[in-house]
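A look at the structure
Listed below are the residues making up each chain.
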Amino acid sequence: MRFAATIAIAMIVSWNAKAEPPLAEWAREGQQRVVKIYGAGGLAGLEAYQSGILVSPDGHVATSWSYVLDVEPIVLLDDGRRFESTIVGFEPALELAVLKIDATDLPYFPIEEKIEAQWGDPILAISNLFNIATGKEPASVMQGTIAAVSDLDARRGTFKTPYRGKVMILDLIANNPGAAGGAVIDSEGRLIGMLGKELRDSATGVWLNYSIPAKELRGTIGDIIAGRTTSAPPPAEAMLPRDQSHDPKTLGLVMLPDVLETTPAYIDEVVPDSAAAKADLRPDDLILLVGGKRVDGQRTLRKLLRMIDRRDDVELTIQRDTEILPLVLRP
Amino acid sequence: MSPKRLFQSVVVVLALLIAPSTHGIEPITLDPILESAELERIAAIDLAKPTAVSVFVPGGAGGGSGVLISPEGYALTNFHVTSPAGSFMRCGLNDGRVYDAVIVGIDPVGDLAMIRLLGRDDFPYAEMGSSRAAQAGDWCMVIGNPFLLASNLQPTVTWGILSGVGRYQYPSGTLLEYGDCLQTDASINPGNSGGPIYDSSGKVIGIVGRASFEKRGRVNVGVGYAISINQAKNFLGYLRSGRIVDHATLGATVVTDPDGGVVVSNILDTSDAYRRGLRYGAEILEIDGRIVQTANDVQNILATFPNGWRVPLTFRYEGKTTNTLVRLMSVHLPDELLEKMAGALPPPPPRQAPKPDQEEGDKEEGDEKKPAESIPDKLRKAIAGKANPKYPKAVNEQLVSRKGYANYHFNQVQQERFRNALRSQFPGGKAGESVAWVIEAETDQPQPQQVQIRIGKDKTELVVGEKTFEATSRGKLYDEVVDGSVAGMLPALDAWRRMIEKGPQKFGETFYLGSMPLAGERPLRDCMVGLDGELEVRWMSHPDSELVEVVEVFADRDEDPAELWVIRENGDEQPSILDLRYGLDSVLRLKIKSWQQVPAETAEAQPEEAAE
């Protein structure tokens, strides 16, 4: 531990004594790799904006999976360029989504395999919190240290998040509205984490300042970029005739009445002894993925089920309260 | 524990961590880099701390922070800190003493106020840095009075970095607009308002003013904003005038073009910008030498200027790029600002009622408000009232109430300075001494024409070659300026002569406006305004030499004024050239051969002889 502290001090010193320019430069390089994301929200205290991190030179943006992404989000780069984006993949259990914009040769954060971040490490947090920066204005930079690397007390519902991995607890007030998806970088300018959504301790009312370690996200981001997993819906041709494919009824699902353009795929009722009942699906479960493909509403759910042969298993990923559960329905 | 001690002990703790544990009794040695970094920080804090002011509103009605900027005790703070106090407040310094302070000038739009601490002429004061040089990631510190904790007069130091520069924060209505401001993650809490933010060497780079507060209550959430010190520098002269000052607008609205650039979407045809050729659809390229690309950029720059400033503007219209100078208009009509100020202040809190809930949104902070005396009453008193018997004598000696002023006393001080400067510089004169000026000159042309100017008590005359311009009435002079005539030189010289003779009090309504660039150039010149019937005359003087460099005469507000440029060469105090300009064009440029003062009667009696 003394070794770690020595490193921490060395870093503080390199920031402090070797004068300001390096810190300002690191900050600037970080800012160029952080984007502003605009999407759904704007009502009832739900901000319609958040932050994102460029993770490939070809326009892949890692960000927090949130309601902001309920519509195809707009991405604004640090240089002011504005892009429509598509959601190429997301992992609900990590609260992670990866967007893609049509651009190349962008500055980006490589997510290095061997990167250790520990308590005491000085960090910069870069995000567009409170949407202070607009257009080409650079994102906000904050400094602090990692206070702890710890498990999140989420399973017992203290923090309402499906994320179950380690988090870096920060000593700065980084997780403000709009900060989710922002970058946490170390004193070398390397990406070590992504700021998470605002979380509040349900018992004490205290707001948590934390970041999800980059190494927890690395594999999934890599898989999504490489196309090994994608949640983007497949082309429409793959549909089977109605009487040969699945639909909610064949599985024993009664969905919430479909009244909106994208009614969330909440289960209203489960027919006893059906495939759904056997898999222990319950009312109020939200279907997030079918066979790894994103379900952005009931229409998409029906479409995805149309592509699965009635005799085949159906893989679902659902959210039940703060838990993300993978389930297999056997007909 | 004082911040110094705190940092020292942090150093010790860190040192213990790196020191070999087996040698606990050995003297602690520090990594020299670490040691020098910490010593630099301690030195910066030691340098800055004596200049930070804890502002308390007498009667426990709140307070905030401030920063001393001159040895005479002038200090900057926020308008929203001084407004509950009115004219008088008490200020603590870290020397452990409390000083009476009087209001000097206020800027309700920019949320700035100048106050003067009394009782010393050797106050410690902060050196001003440049907020333009600041960048995101720079270390910075905030020193002030959060939560009004400084009951022992020791301010609180918080340390952080600049999170952003050149930020724009929307005003509430047209007041409290923060343009080109600094954003920091150093802790800013209620009570820090008005206090300084310093760079890591202890130079002040901004005045802390507000913070983003949302659902987490009125405490720091890592996002505080400071008015840039460069904006404050622009306003120092205006604030020293004791006036309630206003901000500038171009007289045009702009939008960010989706294809890039910022274009004029609407323009007043009475604005100076319009007279200089700015039109609907023109693309604005630069303001005051700074490149603009978005509507936010434009407002970010304009928001930092006082009204009446004349700044360089570059725009492109119909393929042609124009570099010009524009006079900026006021954001508010003359009485509009006073009304808005009264309206913007919180209503008097009902007695014993709980504090109104204001937790939502982006708020100015700084006022740990307790139920106080009705504020509009105070404002009324400040505007119209007389010396307050409750105030200390020293405060009342430097406090004169007058409509449109926070404190007319400080304007009187500037008027006196102007009067003395005017009488002691060429051509000079004494109070009440009626002289006439006779100026012999020739035009600055390849084939010069002879010129004679006579500025007498009842008659002014300009003879250029064969042509004679004569004015015996103010109305005639007014017309010459409206017409853009060469005789526009006459009202300028006439006003100058009479100002020397009569002084500011008897000239007509006279006031010190503040300091502004001369035709877009710095250093900022002192600007004195005299209302001469329908004419408004402005004297622009160099801040160091106090020599008059330009006399401007405005007839119609919506037309170019006559500008008489008084040009001195070779360091002479006596002018060698007079140049009359309208807009950017010179209409008459004269080389002075002689400039004499003669008894008034002589000049009036023998005009023909002198004119040959």
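Note that this is a predicted model, so its numbers are computed, not measured. (Residues numbered from 1 in each chain as written. Chains lettered and ligands numbered in written order. Predicted model: local features only at pLDDT ≥ 70, side-chain atom pairs only at ≥ 80, totals over all residues.)

For chain A, the count of helices and strands is six helices and 20 strands. Since a compact globule built from 331 residues should have a radius of gyration of about 20 Å, the 21 Å found for chain A is in line with a globular shape. Oriented by its inertia axes, the alpha-carbon framework of chain A measures out at about 70 × 40 × 40 Å. Here chain A holds 331 residues, and the buried ones make up 44% of them. (Helix = DSSP H or I, 4+ residues; strand = E, 2+ residues; numbered from the N terminus. Rg over C-alpha atoms; globule rule 2.2 N^0.38 Å. Buried ≥ 20, exposed ≤ 12 C-beta atoms within 10 Å, placed from the backbone.)

Across its full length, chain B carries 14 helices and 32 strands. Taking all 612 residues of chain B together, the buried fraction comes to 49%. Sequence-distant contacts, at least 24 apart, represent 62% of the contacts inside chain B between residues at least 6 apart. (Contact = placed C-beta atoms within 7 Å.)

Below, the discussion takes up the interface of chain B and chain A. Listed per partner, the contact involves 29 residues of chain B and 31 residues of chain A. Listing elements by their share of the side of chain B that touches chain A, those giving two or more residues are α1 (3-18), α2 (32-48) and β8 (156-169) of chain B. Split into classes, the residues belonging to the side of chain B that touches chain A amount to eleven nonpolar, twelve polar and six charged. (Nonpolar A, V, L, I, M, F, W, Y, C, P; charged D, E, K, R; others polar.)

Quick look at the environment of Arg216 of chain B now. Mapped onto the elements, Arg216 of chain B comes out in the loop between β11 (204-212) and β12 (224-228). In this structure Arg216 of chain B touches Trp207 of chain A together with Val221 of chain B, once residues within four positions along its chain are discounted.

Turning to the sheet that holds strand β9 (residues 166-170) of chain A, a few remarks are in order. Residues and elements named next belong to chain A. Sheet architecture is closed into a barrel: six strands sit in the order β7-β8-β9-β14-β11-β10, paired in antiparallel fashion. Within the sheet, the average angular offset between the axes of one strand and its neighbour, ignoring direction, is 40°. Of the strand pairs in this sheet, strand β7 (residues 122-127) and strand β8 (residues 140-151) are connected by six bridges, and their pairing is antiparallel. Looking at β8, one finds that Ile123 is bridged to Gly144. (Pairing = 2+ DSSP bridges. Axes fitted to C-alpha atoms, helices over the stretch in contact; angles between N-to-C directions.)

Residue and element names in this part refer to chain A. Listed as buried for helix α6 (residues 298-305) are Gln298, Leu301, Leu304 and Leu305. Considered in projection along α6, the buried side chains sweep an arc of 120° and stay on one side of the axis. Residues of α6 that are buried sit in contact with α4 (248-251), β15 (253-255), β17 (286-290) and β18 (293-294). (Arc of directions from axis to C-beta.)

With that settled, the discussion passes to the confidence of the model for chain A. Close inspection of predicted coordinates is inappropriate in any region flagged by low pLDDT. Residues and elements named next belong to chain A. Counting all residues, the mean pLDDT for chain A is 87, and 91% of those residues have values of 70 or more. Every residue in residues 1-11 is under pLDDT 50, and counting partners more than four places away or in other chains gives 16 contacts. Note on residues 16-20: pLDDT under 50 across the span, and seven contacts to partners over four residues away in sequence or across chains. (pLDDT = per-residue confidence, 0-100.)

All right, on to the confidence of the model for chain B then. Residues and elements named next belong to chain B. Mean pLDDT over chain B works out to 86, with 87% of the residues at or above the 70 mark. Mean pLDDT across the elements of chain B ranges from a minimum in helix α14 (residues 607-611), with 41, to a maximum in strand β3 (residues 74-77), with 98. The model gives residues 346-376 a pLDDT under 50, and that stretch makes 62 contacts with residues more than four places away or in other chains. Low pLDDT (under 50) marks residues 605-612, which in the prediction has seven contacts with non-local residues, meaning those over four places away or in another chain. For this predicted complex, the interface score ipTM comes out at 0.82, alongside a pTM of 0.85.

Residue and element names in this part refer to chain B. Strand order in the open sheet formed by eleven strands is β25-β24-β23-β22-β32-β31-β30-β29-β28-β27-β26, and the pairing between neighbours is antiparallel. Since the sheet does not close on itself, it has two edges, and those belong to β25 (467-471) and β26 (510-518), each with one partner. On average, each strand axis in the sheet is inclined to that of its neighbour by 20°, with strand direction left out of account. Across seven bridges, the pairing between β26 and strand β27 (residues 521-532) is antiparallel. Counted as the bridge partner of Met516 is Arg525 from β27. Most of the contacts of helix α10 (residues 408-424) go to β26, to which it runs at about 75°, and overall it touches β26, β27 and β28 (535-541). Docked against the sheet, helix α12 (residues 489-507) engages β22 (435-443), β23 (450-455), β24 (460-464), β25, β26, β27, β28, β29 (548-554), β30 (562-567), β31 (577-582) and β32 (585-599), running at close to 100° with respect to β29.

A word on the packing of helix α11 (residues 474-482) of chain B against α12 of chain B. Residue and element names in this part refer to chain B. For the pair α11 and α12, interaxial distance at closest approach is 8 Å and the crossing angle is 130°. In terms of their interaxial angle, α11 and α12 are classed as oblique. On α12, the residues that touch Leu477, Glu480 and Val481 of α11 are Leu490, Pro491 and Asp494. (Parallel < 35°, antiparallel > 145°, perpendicular 65-115°, else oblique.)

Quite often, the size of an interface is put as the accessible area lost when its parts meet. All names here are of chain A. Annotation of chain A at the domain level lists domain 1 (2-226) and domain 2 (236-329). Inter-centroid distance (C-alpha atoms) of domain 1 to domain 2 is 32 Å. Counting residues at the interface gives nine residues for domain 1, matched by seven residues for domain 2. A breakdown of the residues in the side of domain 1 that touches domain 2 according to their chemical character gives six nonpolar, two polar and one charged. (Domains from an automatic or database assignment.)

Turning our eyes to something else, we now look at unusual backbone geometry. Residues and elements named next belong to chain B. For the peptide bond that leads from Phe426 to Pro427, omega is -5°, which places it in the cis range. Mapped onto the elements of the fold, Pro427 is located in the loop between α10 and β22. A cis geometry characterises the amide bond from Arg522 onward to Pro523, with omega recorded as 5°. Take Pro523: it is sitting in strand β27. With a phi close to 65°, Glu546 is a non-glycine residue in the positive phi region. Inspection of the secondary structure puts Glu546 in the loop between β28 and β29. On the basis of neighbour counts, which here come to 15 C-beta atoms within 10 Å, the residue Glu546 falls in the partly exposed class.

The next thing to look at is helix α3 (residues 214-226) of chain A. All names here are of chain A. For α3, which comprises 13 residues, the first-to-last C-alpha distance of 17 Å matches the rise-based estimate of 18 Å (1.5 Å per residue) to within 8%. Along α3, the sharpest change in direction is near 25° and occurs at Thr220. Every buried residue of α3 is listed here: Ala214, Leu217, Ile221, Ile224 and Ile225. Where α3 is buried, its residues meet β3 (60-64), β5 (82-91), β6 (96-101), β11 (191-195) and β14 (210-213). (Expected span 1.5 Å × (residues − 1). Bend = angle between axes of the 7 residues up to and from the residue.)

On to the nonpolar core. Counting residues in each nonpolar core, the largest one holds 145 residues, and the members touching the most others are Ile53 and Val61 of chain A together with Val67 of chain B. Among residues more than four places away in sequence, those in contact with Val67 of chain B are Thr51, Ala52, Val53, Ala75, Leu76, Ala126, Gly195, Pro196, Val204 and Ile207 of chain B. One finds Leu176, Ile287, Phe507 and Leu590 of chain B within the second-largest nonpolar core, a separate group that totals 80 residues. (Core = buried A, V, L, I, M, F, W, Y, C linked by C-beta atoms within 7 Å.)

Residue and element names in this part refer to chain A. A large share of β6 lies buried, amounting to six of its six residues. Residues Leu96, Val98 and Lys100 line one face of β6 and the alternating positions Ala97, Leu99 and Ile101 line the opposite face, and both faces are buried. When β3 meets β6, the two strands line up antiparallel, connected through five bridges. Paired with Thr63 across the two strands is Ala97, which belongs to β6. The sheet contact formed by β5 and β6 spans six bridges and is antiparallel. Across the sheet, Ile87 pairs through a bridge with Leu99, a residue of β6. Between β5 and β6, which follow one another and run antiparallel, lie four residues, and Glu95 among them has a positive phi close to 50°.

Residues and elements named next belong to chain A. Its location among the elements puts Val254 in strand β15. Sequence separation between Val254 and Val271 is 17 residues, and the spatial gap between their C-alpha atoms is 7.4 Å. Setting aside residues no more than four positions away along its own chain, Val254 makes contact with Asp268, Glu269 and Val271.

What follows covers the pairing of β31 of chain B. Residue and element names in this part refer to chain B. Sheet analysis places β30 next to β31, joined by six bridges and oriented antiparallel. Its bridge partner being in β31, Trp565 is matched across the sheet by Asp579. Here six bridges tie β31 to β32, and the two strands are oriented antiparallel to one another. Each residue of the ladder has a partner; that of Tyr582, found in β32, is Asp585. Taking the residues between adjacent antiparallel strands as the criterion, β31 and β32 are bridged by two residues, where Gly583 takes a positive phi near 60°.

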